Each structure stands twice: as structure tokens, then as C-alpha cells.
Amino acid sequence: IFKKEEKSERALELTATCLRYNPANYTTWWFRRQCLAALSSPSSDSASATSTKSELIFFNPDLIEKDLRLAGAMGGSNPKNYQIWYHRRNLLENLFTECSSKKSDANHTDGMRLVHDELDYIAEVLENDAKNYHAWSHRQWVIKTINQEILWTNEQNFTNDLIVEDIRNNSAWNHRWFVFHRGRKLSHFCINSATSEANYALEKIALDPYNESPWNYMIALVKEQIRWVDANDGISKEVFLTLLNTCHDMSIEVMKGFEESTKKDGKECFHYLSTLIDMLEIKADADSCKQAIGYAEELETRYDPIRKKYWRMRADQLRDKIQE
Amino acid sequence: MTTPNANAPPFYHNLHVHYIENLASKIDAPSSYEGAVTEHLRMSGIYWSLTALSLLVSPQQVDERMHLTKQQDHNPENVLKQRPSIVDFVFSCYDEKSGGFGGNQNQDGHILYTLSAIQIFALADALQDPRLTSIQKKIVSFIQKLQQADGSFAGDEWGEVDTRFSYCALSALSLLNHLDGDIIEVDMAAEYIASCQNFDGGFGCHPGAESHAGQIFCCVGALSIARRLDLLRDPELLCWWLAERQCDSGGLNGRPEKQADVCYSWWILSSLCILGRVDWIRGDKLAEFILKCQDEDDGGIADRPADMP
């Protein structure tokens, strides 16, 4: 069948059988799409239907739905299979691109229904494996392609739901950053969002400071604002320093609370001192740098010796800064 | 760099050599389940096995034990033992239609397996094999056609885009000595990769995708080959992110809050080497972790201690 390039219903069936044995065989998936394209084309002579580049293929929505179900059934036990995720994307690509151009036609209604179904499917996969890399990257593609404000807003809530479920879910934090920046459309948080997101991160840090993600998120949003100080529609230095000082002071507050309630030494959480060093280095005055050097030395010798060379380098850099 | 450690078992050199040798015949058996499910990526499997073995024994030994360049048995009576050499096998996976190599025979050309094929030829010292030089133009053209308008690379003619494929394209062309000369837009390729830098310093499979050690290796490797490491916005933040992957066990994880896994040793150490910061992690502790992942009965190394190799 493959050699003859027969692209019929029975060829389609055959690919399904092959895929049950080996769902990672990319050639089989490709051939299956060829069959679907042929069966979707208005010409009844399916053997002669040619498909060139994928942007010209519009699969029949019924066939799309059926195949999504098939892929979903196979995907169940193979949530990390690249080919299955790519198959979903390939089926939906043209329909979704059409949806993003706000025409309200039958295609659009069908398309939007499939959008919501797809987001539901991805959410289901994430219920079983909340850090599934393919699922998240596929979700980003759906949201970015449709590019509707209501979906972006919903996603903000979605990331919160997942973070609340597991504050250590780095994928959810990454998605949050992606969503707040509307894919890559917004180059930075506006100052109000930066402030509220910093508070959000600190809230989560308070629940468990031994968790890399919110610390990375917070320091990244502070660093991002630096580029907008005194820029055209940017922020003033004072406003930036308010944000920086709030993050610095609140980090200390949060860790004090942690120490009181757990009777542990907050410094043992190396993310804490690491973030303070970053913030003090941004302040850049001599006293801040000296304080940061102190923290770096503590990390090197006591709190994070596995990365001692890194901390030594940071301390040296800070000493150079003081000299300047 | 590392010294023997009382906390870890020794390195079972010979066991690993045998493990790799036996893997080939085990997987080729018609009844092998693992063989069936990994059939489509056999090319890469072969490359990984050869590279590993090359670190353990001499090139001549690799050739003899794995039949890299010579057929297995010339005895015409011993039909069952007749097997082409690995190099012969690789050529049999060439897909005329696309111009690239497939993961196995009768598979469509794909950038992943094209790179693996070229890497195998390099290991076998076969880059000047006339069978290769005669198709070289087509291979280069296959790769060239995969570059998209934004500088990224697809995996095959119909396929997905992923920074892994950028790495494969640049590495393959570099090995074939075809990186200079306007075959692909190298700067655009590099700029696309740079656009995948994330807020935490790392790289994912597309712009905005979560930073992941494997993807970071591909991006850093690609930028290095393209000689555009200057495009790294914050190399120290990236190296810090990589250094943070070291867990208490000494092993490295691939993303924050995930388990250590031996494979990340390669992705992360290579990236740190390229960026000159390999001393930001403790090599001795990593070695300890890896040694504990060995199978002391049959050889092979698992993803973490006590798992199957």
C-alpha cells in the first residue's frame, strides 16, 4: 500500500494498526496524514490527491476530530511521544490559523470548539503529568496561534491553578511568564503587573522557599524592568528602586517568617541568599556590594559548597565593582 | 580531573564494553520488543553505542567488535552470521527521495538521523567514502531546504520545528565541511536560536518554551558551531541555571524540581564546557552519582541508581 501510495480508507486503517505497534514511527504518521488529506479533498479520486506543503491542507473537521481521538487514545500511554503531539498540531494548524483571523463563519465555530477541546485535552494530560514538556509546548502553540485576549486571560488563571496544586511546577511558572508577556508580544511586564507578580512569587515562596521557580521568576522580573528605567514609556529610577527594595525587604520578611515557624536556618535555602545577592548587586552601592560579598562567602563555605567556585566568582566580581 | 572515590563502586569498564556489544545482537533479533519500538531511531542508537564504545576501547577494537567498516563474516557457509557492516547499513538507510537519511531502512529522511549517519561516518573515518561524496550535494540540499523563513529548522519536509533540529543542521553541515559558503543562513539560524532565550537564562524547543538542559545543549552547541556565542544575552545566568541542576546526590536534573538523571550529565557538562564554566559544578560528586548508576552484573548505566540500564 505504501509503495503504491494508495491513500484510501483501508490505507488509513493500516496506519492505525502500525501505529498501535509503534506509535513513534514518524513515517507512518506522515503517511497517515497523506491519507487524511486525500480523504479530505473534494476530489473523489483519492489516489490522485496530492498534498504539497502542509499550509495548503485543510483536513475535514470530522476527520480531525476522529484523529484527535485516535491520537489521544494512543497518547494515553505515550504522553512523551513527539510524533503524536506533532500529529495533533498538524491536524489543527490551518484551522486554528484561520480562527485567529476573526471571521465568524462555520469554520470559525468549528475551530473554536476544537480549540476548547484541545485545551481540555492538554489539561487532562497535565493532570497525569503536570510537567509534560510536549503538552506545555503544544499548549503554548494553541494559545499563541489563536491569540484571543480572553484565552490569554484564562491562561493566567490556568497557570495559577497549576501553581496552587504544585508550587514546584516549573513548567507552570514558565507558562505564566509566557502568558503575561502574551507570547513574546509584550517585551516586559508593566510596572503594576511587575509589582503584583513579585507579590505573587513572594506569596508562593512563603509556602515553601526550597523551590527554585518563584525565586527565578521574581529576580527575572526585576532584571527585566532595568531596561525600562528612563526609557520612553518606561519607568523612573525611583519607581524601579521601590520595586527592587520591596522585593529585597519582603524576601527577608518571608524568610524570617519561615525561620520562626520551622525553627530552621533560612540561609540553608541557597535560593534565598542567591536572590539577595542578585538584588544587592543591582543596587550596586558599596554597602550593598559588601553585604552581598558576605552572603557569597557564606554560600561558598557553608550553605552551598557544591557550587563554591561559582560563589567565589560572584564575590570576586562584587569586589571588582566596589573598586570601580 | 576525578579521582577514585570510596563512596562509589569502580567503573566497570569491561562490563560496559560487553553490554554495548550484546545490545546490537539483542536488538536485531526479530523477536526483540525493544528492537521493534526503537526501530525508527536505530540510526541514533547505533551512533550512541559507537560513541560510548569509542570512549572505552581503541578505534580498531570498535571496528572489530561492532563491524563498523567490515562485514561480520565472510564465510559463505555461515549464512546466519552474514551481516553488513554498520557503514553499509547506514548507506542502506539513505532516502533518495528526500536526500536525507532515515532512522532505519525504508524510512523517510529526517534531520535527526541524517546527523547521526554523518556522525557514524566520521567515527568510521568514512567521510571520504565515494558512496558518501557522490550523494553529498543531495544531503546538503536536504538540510538547506529545511531552513524556515525565520532561520529555524524543520525536522523533515513536513515536520515540526524545534531547536534540536537547528543543532542537527549546523552540526551536520559542519562535519561535512559545508558550513561556510552560503548554503544556509547561518546568522539567521543563530538569531532564531537566540530568540529562544528565556527569562531564566535557559533555552527551550521554541521561543517561550520552558528551559530544558537537553534543549540548552542544542542551542549552545549550535551557537558555538555558528560562532555566534556572542548572541547569548546573559551567559552567566545560563551557566548559573545549569549549575543549579546539581542535586545533593551529585547528579544533575534537566529542569528545576525534577529528579537527577544520568543523561543530563552529558547535556549539561558539554554546555558548561563550551561556555568555559565546567568548574561551577562538582565533577567528583557527579562522577560518584554516575558510578552508582551502573549495573554491576551485566554492565550498562541506568538513568538513576537501581534502575535498569
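Residues numbered from 1 in each chain as written. Chains lettered and ligands numbered in written order. Predicted model: local features only at pLDDT ≥ 70, side-chain atom pairs only at ≥ 80, totals over all residues. Heavy atoms only, no water.

## Let's talk about the packing of helix α11 (residues 237-262) of chain A against helix α12 (residues 270-283) of chain A
Residues and elements named next belong to chain A.
Logical step 1: Two elements in contact, α11 and α12, have axes separated by 10 Å at closest approach and are oriented at 155°. Taken together, the axes of α11 and α12 are roughly antiparallel relative to one another. Considering the relative orientation of α11 and α12, their crossing is left-handed. The residues of α12 that touch α11, namely those facing Phe-240, Leu-244, Asn-245, Cys-247, His-248, Ser-251, Ile-252 and Met-255, are Tyr-272, Leu-276, Met-279, Leu-280, Ile-282 and Lys-283. (Axes fitted to C-alpha atoms, helices over the stretch in contact; angles between N-to-C directions. Helix = DSSP H or I, 4+ residues; strand = E, 2+ residues; numbered from the N terminus. Parallel < 35°, antiparallel > 145°, perpendicular 65-115°, else oblique. Left-handed = near helix turned anticlockwise from the far one by under 90°. Contact = heavy atoms within 4.5 Å.)

## What about the interface of chain A and chain B?
Logical step 1: Of the residues lining the interface, 48 residues belong to chain A; the matching set on chain B comes to 51 residues.
Logical step 2: Its largest share of buried area at the contact with chain B, chain A owes to Tyr26(A), Tyr133(A) and Ile306(A), together 18% of the area lost on that side.
Logical step 3: The interface formed by chain A and chain B includes two salt bridges.
Logical step 4: The set of elements that each furnish at least two residues to the side of chain A that touches chain B consists of α2 (26-40), α4 (82-100), α6 (133-146), α8 (170-180), α10 (212-226), α12 and α14 (308-323) of chain A.
Logical step 5: Per-element accounting of the side of chain A that touches chain B gives the leading share, six residues, to α10(A).
Logical step 6: Looking at the side of chain A that touches chain B residue by residue, the class counts come to 18 nonpolar, 18 polar and twelve charged. (Buried area = accessible area lost by both parts, 1.4 Å probe. Salt bridge = Lys/Arg side-chain N within 4 Å of Asp/Glu carboxyl O. Nonpolar A, V, L, I, M, F, W, Y, C, P; charged D, E, K, R; others polar.)

## Brief notes about the environment of Thr159(A)
Logical step 1: Looking at the secondary structure, you find Thr159(A) in helix α7 (residues 149-165).
Logical step 2: Note: C-alpha distance between Thr159(A) and Leu280(A) (121 residues apart in sequence) is 30 Å.

## Points about the confidence of the model for chain A
All names here are of chain A.
Logical step 1: The pLDDT averaged across chain A works out to 88; a share of 90% of its residues lies at or above 70.
Logical step 2: Mean pLDDT across the secondary structure elements of chain A bottoms out at α2, with 79, and peaks at α8, with 98.
Logical step 3: Predicted confidence is poor over residues 44-55, with pLDDT under 50, and the contacts of this stretch with residues over four places away or in other chains come to 16 contacts. (pLDDT = per-residue confidence, 0-100.)

## Re the pattern of salt bridges
Logical step 1: What the rule picks out here adds up to 34 salt bridges over all chains.
Logical step 2: For Asp304(A), the salt bridge is made with Arg307(A), and the minimal N-O distance between the two is 2.9 Å. Across the pair, Arg307(A) and Asp304(A) agree in class, each one buried.
Logical step 3: Between Arg131(B) and Asp88(B) there is a salt bridge, with its nearest N and O atoms 2.9 Å apart. One end of the pair, Arg131(B), is in helix α7 (residues 130-133); the other, Asp88(B), is in helix α5 (residues 86-92), and 43 residues separate them in sequence.
Logical step 4: For Arg131(B), a relative accessible area of 37% gives the class partly exposed.
Logical step 5: Taking the relative accessible area as the measure of exposure, Asp88(B) reaches 27% and is therefore partly exposed.
Logical step 6: Salt bridges sharing partners connect three or more residues here, namely Asp278(A), Glu281(A), Arg314(A) and Lys321(A). (Buried < 20%, exposed > 50% of the residue type's maximum accessible area, 1.4 Å probe, protein only.)

## Describing the packing of helix α11 (residues 213-225) of chain B against helix α12 (residues 235-243) of chain B
Residue and element names in this part refer to chain B.
Logical step 1: Contact pair α11 / α12: the axes reach a minimum separation of 11 Å and the direction vectors enclose 145°. Here α11 and α12 pass one another in a crossing that is left-handed. On α12, the residues that touch Ala-213, Ile-216 and Val-220 of α11 are Leu-238, Trp-241 and Leu-242.
Logical step 2: Here the contact of α11 with α12 is built from residues that sort into six nonpolar, no polar and no charged.

## Topic: the environment of Phe11(B)
All names here are of chain B.
Logical step 1: With respect to the helices, strands and loops of the structure, Phe-11 is situated in the segment before α1 (13-28).
Logical step 2: For the pair formed by Phe-11 and Val-161, sequence separation is 150 residues and the distance between their alpha carbons is 39 Å.
Logical step 3: What Phe-11 contacts, discounting residues up to four positions off in sequence, is His-16, Leu-56, Leu-291 and Gln-294.

## Description of the state of the cysteines
Logical step 1: Within this structure, the stated rule accounts for zero disulfides over all chains.
Logical step 2: Just so you know, Cys263(B) is unpaired, no disulfide at all, and the nearest cysteine sulfur is the one on Cys293(B), 11 Å from it. (Disulfide = S-S within 2.5 Å.)

## So, the confidence of the model for chain B
Logical step 1: A residue-level look at chain B finds 95% of positions with pLDDT of 70 or above and a mean pLDDT of 91.
Logical step 2: Of the two predicted TM-score estimates for the complex, the pTM is 0.91 and the ipTM is 0.90.

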